[in-house]
Amino acid sequence: MASLPPEEYIKTPPKVYAVIHAVAGLYEGYSDTTCEWFPTRDAALKHIKQHMTLMSEDKRMVHPERDGDEGVSYYLTDDHEDYAVCKADGDDMEDWLSDNDATCEVLRIYEVDASRYERSGTTEHIWLTWDQQDCCVAWDYFPLCMSLVARVSSDVMDNTSDVGHYQGHHNLEQLNEFISSVYYRNEAFIDIDDYTMHAFRIPKKLKES
(Lines give C-alpha, C1' and ligand atoms only; values in the text may rest on other atoms or scores of the structure.)
Protein backbone atom coordinates (compact mmCIF):
# COMPACT_ATOMS: atom_id res chain seq x y z
CA MET A 1 0.00 0.00 0.00
CA ALA A 2 1.47 3.33 -1.09
CA SER A 3 2.17 5.79 1.69
CA LEU A 4 0.74 9.29 1.62
CA PRO A 5 3.16 12.13 0.82
CA PRO A 6 4.25 14.15 3.86
CA GLU A 7 2.15 17.21 4.60
CA GLU A 8 3.83 20.48 3.71
CA TYR A 9 3.58 23.59 5.82
CA ILE A 10 3.93 27.29 5.12
CA LYS A 11 4.89 30.08 7.49
CA THR A 12 1.83 31.67 9.05
CA PRO A 13 1.04 34.99 7.30
CA PRO A 14 0.57 38.20 9.36
CA LYS A 15 -3.21 37.65 9.22
CA VAL A 16 -4.84 34.25 9.55
CA TYR A 17 -8.48 33.22 9.67
CA ALA A 18 -10.02 31.02 12.32
CA VAL A 19 -13.20 29.05 11.65
CA ILE A 20 -14.84 28.13 14.92
CA HIS A 21 -17.48 25.39 14.88
CA ALA A 22 -19.44 25.34 18.10
CA VAL A 23 -22.65 24.30 19.76
CA ALA A 24 -24.29 27.51 20.95
CA GLY A 25 -24.39 27.74 24.74
CA LEU A 26 -24.18 24.70 26.99
CA TYR A 27 -26.16 22.14 25.02
CA GLU A 28 -24.79 18.63 24.58
CA GLY A 29 -21.46 18.77 22.78
CA TYR A 30 -20.43 22.19 24.09
CA SER A 31 -17.03 20.84 25.09
CA ASP A 32 -16.36 19.72 21.49
CA THR A 33 -15.95 23.20 19.99
CA THR A 34 -13.26 23.17 17.29
CA CYS A 35 -11.11 25.78 15.58
CA GLU A 36 -9.46 25.39 12.18
CA TRP A 37 -6.96 27.81 10.66
CA PHE A 38 -6.71 29.17 7.12
CA PRO A 39 -4.26 31.54 5.40
CA THR A 40 -6.96 33.52 3.56
CA ARG A 41 -10.58 34.55 4.10
CA ASP A 42 -11.54 32.84 0.84
CA ALA A 43 -10.14 29.54 2.11
CA ALA A 44 -12.11 29.91 5.34
CA LEU A 45 -15.31 30.65 3.42
CA LYS A 46 -14.69 27.63 1.20
CA HIS A 47 -14.38 25.45 4.29
CA ILE A 48 -17.75 26.68 5.62
CA LYS A 49 -19.38 26.11 2.23
CA GLN A 50 -18.07 22.54 2.12
CA HIS A 51 -19.33 21.90 5.64
CA MET A 52 -22.81 23.18 4.80
CA THR A 53 -22.87 21.02 1.66
CA LEU A 54 -22.24 17.96 3.82
CA MET A 55 -24.79 19.06 6.41
CA SER A 56 -27.46 19.47 3.72
CA GLU A 57 -27.53 15.67 3.54
CA ASP A 58 -28.33 15.41 7.26
CA LYS A 59 -32.11 15.29 7.71
CA ARG A 60 -31.75 16.60 11.26
CA MET A 61 -30.56 20.00 10.05
CA VAL A 62 -33.22 22.71 9.97
CA HIS A 63 -33.35 26.49 9.88
CA PRO A 64 -29.96 27.25 8.27
CA GLU A 65 -29.28 30.99 8.05
CA ARG A 66 -26.54 33.58 7.88
CA ASP A 67 -24.86 34.40 11.17
CA GLY A 68 -23.19 37.79 10.89
CA ASP A 69 -21.50 38.80 7.66
CA GLU A 70 -19.82 35.51 6.85
CA GLY A 71 -20.85 32.92 9.44
CA VAL A 72 -23.71 30.44 9.39
CA SER A 73 -25.93 28.82 11.97
CA TYR A 74 -28.36 25.92 11.88
CA TYR A 75 -30.33 23.69 14.24
CA LEU A 76 -30.25 19.94 14.70
CA THR A 77 -33.43 18.16 15.73
CA ASP A 78 -34.84 14.65 15.53
CA ASP A 79 -38.28 16.24 14.98
CA HIS A 80 -37.33 17.60 11.56
CA GLU A 81 -40.53 16.32 9.96
CA ASP A 82 -42.65 18.18 12.52
CA TYR A 83 -40.52 21.27 11.88
CA ALA A 84 -41.27 21.05 8.15
CA VAL A 85 -45.03 20.81 8.87
CA CYS A 86 -44.93 23.83 11.20
CA LYS A 87 -42.92 25.83 8.71
CA ALA A 88 -45.43 25.04 5.95
CA ASP A 89 -48.25 26.19 8.25
CA GLY A 90 -46.46 29.51 8.81
CA ASP A 91 -45.82 28.97 12.53
CA ASP A 92 -43.22 31.01 14.40
CA MET A 93 -40.03 29.03 13.88
CA GLU A 94 -38.18 30.64 16.78
CA ASP A 95 -40.90 29.45 19.18
CA TRP A 96 -40.81 25.96 17.69
CA LEU A 97 -37.03 25.71 18.01
CA SER A 98 -37.17 26.87 21.62
CA ASP A 99 -40.02 24.56 22.61
CA ASN A 100 -38.40 21.51 21.02
CA ASP A 101 -34.91 21.98 22.48
CA ALA A 102 -33.26 21.88 19.10
CA THR A 103 -29.49 22.25 19.32
CA CYS A 104 -28.00 25.26 17.56
CA GLU A 105 -24.58 25.05 15.91
CA VAL A 106 -22.60 27.97 14.53
CA LEU A 107 -19.61 28.40 12.25
CA ARG A 108 -17.90 31.78 12.45
CA ILE A 109 -14.85 33.33 10.85
CA TYR A 110 -12.46 35.49 12.85
CA GLU A 111 -9.51 37.40 11.44
CA VAL A 112 -6.51 37.06 13.74
CA ASP A 113 -3.39 39.24 13.81
CA ALA A 114 -0.46 36.82 13.91
CA SER A 115 2.20 39.42 13.09
CA ARG A 116 3.50 39.10 16.65
CA TYR A 117 5.30 35.96 15.54
CA GLU A 118 7.28 37.97 12.99
CA ARG A 119 8.43 40.53 15.54
CA SER A 120 9.44 38.10 18.26
CA GLY A 121 11.70 35.12 18.64
CA THR A 122 9.65 33.75 21.53
CA THR A 123 9.11 30.03 21.77
CA GLU A 124 5.64 30.68 23.21
CA HIS A 125 2.47 30.73 21.15
CA ILE A 126 -0.37 33.21 21.10
CA TRP A 127 -3.94 32.09 21.71
CA LEU A 128 -7.51 32.79 20.61
CA THR A 129 -10.07 32.51 23.41
CA TRP A 130 -13.73 31.49 23.03
CA ASP A 131 -16.53 32.18 25.53
CA GLN A 132 -18.66 29.05 25.24
CA GLN A 133 -21.71 30.38 27.09
CA ASP A 134 -22.02 33.59 25.05
CA CYS A 135 -20.77 31.92 21.87
CA CYS A 136 -18.24 34.61 20.98
CA VAL A 137 -14.54 35.44 21.23
CA ALA A 138 -13.83 35.88 24.94
CA TRP A 139 -10.97 38.39 25.01
CA ASP A 140 -10.14 41.25 22.65
CA TYR A 141 -6.44 40.35 22.54
CA PHE A 142 -4.33 37.28 21.87
CA PRO A 143 -2.28 36.35 24.95
CA LEU A 144 0.97 34.42 25.08
CA CYS A 145 0.99 31.14 27.01
CA MET A 146 2.14 32.65 30.31
CA SER A 147 -0.34 35.53 30.10
CA LEU A 148 -3.18 33.13 29.28
CA VAL A 149 -2.33 30.91 32.25
CA ALA A 150 -1.98 33.90 34.60
CA ARG A 151 -5.35 35.42 33.72
CA VAL A 152 -7.28 32.13 33.80
CA SER A 153 -5.62 31.25 37.13
CA SER A 154 -6.73 34.60 38.55
CA ASP A 155 -10.28 34.11 37.26
CA VAL A 156 -10.46 30.61 38.73
CA MET A 157 -9.21 31.76 42.12
CA ASP A 158 -11.80 34.55 42.13
CA ASN A 159 -14.48 31.91 41.49
CA THR A 160 -13.07 29.58 44.13
CA SER A 161 -12.70 31.91 47.11
CA ASP A 162 -16.23 31.41 48.46
CA VAL A 163 -17.15 27.85 47.40
CA GLY A 164 -17.13 24.62 49.37
CA HIS A 165 -14.24 22.20 49.63
CA TYR A 166 -15.50 19.83 46.94
CA GLN A 167 -16.17 22.57 44.40
CA GLY A 168 -12.88 24.26 45.20
CA HIS A 169 -11.00 21.00 44.62
CA HIS A 170 -12.84 20.52 41.32
CA ASN A 171 -11.95 24.05 40.20
CA LEU A 172 -8.26 23.51 40.93
CA GLU A 173 -8.27 20.20 39.05
CA GLN A 174 -9.82 21.96 36.07
CA LEU A 175 -7.17 24.66 36.28
CA ASN A 176 -4.33 22.11 36.39
CA GLU A 177 -5.72 20.36 33.30
CA PHE A 178 -6.07 23.68 31.51
CA ILE A 179 -2.46 24.71 32.25
CA SER A 180 -1.16 21.33 31.11
CA SER A 181 -3.10 21.65 27.85
CA VAL A 182 -1.69 25.12 27.19
CA TYR A 183 1.86 23.79 27.22
CA TYR A 184 1.34 20.36 25.66
CA ARG A 185 -1.63 20.64 23.32
CA ASN A 186 -3.06 22.91 20.63
CA GLU A 187 -6.22 23.69 22.57
CA ALA A 188 -7.32 24.02 26.18
CA PHE A 189 -10.72 24.01 27.89
CA ILE A 190 -11.95 24.99 31.33
CA ASP A 191 -15.46 24.53 32.69
CA ILE A 192 -16.32 25.74 36.18
CA ASP A 193 -19.73 27.10 37.16
CA ASP A 194 -20.45 30.07 34.86
CA TYR A 195 -16.87 30.21 33.51
CA THR A 196 -16.65 28.06 30.41
CA MET A 197 -13.90 28.87 27.93
CA HIS A 198 -11.96 27.28 25.10
CA ALA A 199 -8.51 28.48 24.06
CA PHE A 200 -6.98 27.68 20.68
CA ARG A 201 -3.29 27.94 19.89
CA ILE A 202 -2.62 30.19 16.90
CA PRO A 203 -0.21 28.19 14.73
CA LYS A 204 3.19 29.41 13.60
CA LYS A 205 2.86 27.28 10.49
CA LEU A 206 -0.16 26.26 8.42
CA LYS A 207 -0.75 23.25 6.23
CA GLU A 208 -0.11 24.31 2.66
CA SER A 209 -3.19 22.42 1.42
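Cut-offs and rules
- Residues numbered from 1 in each chain as written.
- Predicted model: local features only at pLDDT ≥ 70, side-chain atom pairs only at ≥ 80, totals over all residues.
- Heavy atoms only, no water.
- Helix = DSSP H or I, 4+ residues; strand = E, 2+ residues; numbered from the N terminus.
- Polar contact = N/O pair within 3.5 Å; in protein donor to acceptor, adjacent residues only side chain to side chain.
- Contact = heavy atoms within 4.5 Å.
- Core = buried A, V, L, I, M, F, W, Y, C linked by side-chain atoms within 4.5 Å.
- Buried < 20%, exposed > 50% of the residue type's maximum accessible area, 1.4 Å probe, protein only.
- Phe/Tyr/Trp six-rings, centres within 6.5 Å; stacked < 30°, edge-to-face > 60°.
- Lys NZ or Arg CZ within 6 Å of the ring centre and 35° of its normal.
- Pairing = 2+ DSSP bridges.
- Axes fitted to C-alpha atoms, helices over the stretch in contact; angles between N-to-C directions.
- Patch = residues over 30% accessible without salt bridge, like charges linked within 9 Å, V, L, I, M, F, W, Y side chains within 5 Å.
- Areas by Shrake-Rupley, 256 points an atom, 1.4 Å probe, with all protein chains shown as cover.
- Salt bridge = Lys/Arg side-chain N within 4 Å of Asp/Glu carboxyl O.

Enquirer: Just checking my understanding: could you explain the side chain of Thr33 for this structure?
Expert: For Thr33, the location among the structural elements is in the loop between strand S2 (15–23) and strand S3 (34–38). At 3.4 Å, the side chain of Thr33 forms a polar contact with the backbone oxygen of Tyr30. Here Gln132 takes part through its side chain, which lies 2.8 Å from a polar atom of the side chain of Thr33. When neighbours within four sequence positions are excluded, Thr33 is seen to be in contact with Ile20, His21, Ala22, Val23, Trp130, Gln132, His198 and Phe200.

Enquirer: Explanation requested: the nonpolar core in the structure shown.
Expert: General note: in soluble globular proteins, nonpolar side chains tend to be found buried as a group. Val16, Ile20, Cys35, Trp37, Leu97, Leu128 and Ile202 are the most contacted members of the largest nonpolar core, which totals 27 residues. Contributions of two or more residues to this core are made by S2, S3, helix H2 (80–88), helix H3 (93–99), strand S6 (103–113), strand S7 (126–131) and strand S10 (195–202). With 4 residues, the single largest contributor to this core is S2. Discounting chain neighbours no more than four positions away, the residues touching Cys35 are Ala18, Val19, Ile20, Leu128 and Phe200. By size, the runner-up hydrophobic cluster in this structure holds 16 residues, among which are Trp139, Leu175, Phe178 and Met197.

Enquirer: Looking at this structure, how should I read the packing of aromatic side chains?
Expert: Taken as a whole and assessed by the stated rule, the structure comprises 3 aromatic pairs. Across from the ring centre of Trp139, 4.0 Å away, lies the NZ or CZ of Arg151, which sits over that ring.

Enquirer: Mind showing me how you'd approach the sheet that holds S3 here?
Expert: Sheets are built from strands paired through backbone hydrogen bonds, the pairs being either parallel or antiparallel. The antiparallel open sheet is built from 5 strands, whose spatial order is S3-S2-S6-S5-S4. Looking along the sheet, the strands with just one partner apiece sit at the ends: S3 and strand S4 (61–67). On average, adjacent strands in this sheet sit at an angle of 20 degrees to one another, irrespective of strand direction. Alignment of strand S5 (residues 71–76) against S6, held across 5 bridges, turns out to be antiparallel. Across the sheet, the residue bridging to Tyr75 is Cys104, located in S6. Taken strand by strand, helix H1 (residues 41–55) contacts S2, S3, S4, S5 and S6, and its axis lies near 170 degrees from that of S6.

Enquirer: Would you explain a nonpolar patch on the surface in this entry?
Expert: Residues Met146, Tyr183 and Tyr184 make up a contiguous nonpolar surface patch of about 420 Å² in total accessible area. Following the sequence through the fold, Met146 ends up in helix H5 (residues 145–160). Given the relative accessible area of 56%, Met146 is considered exposed.

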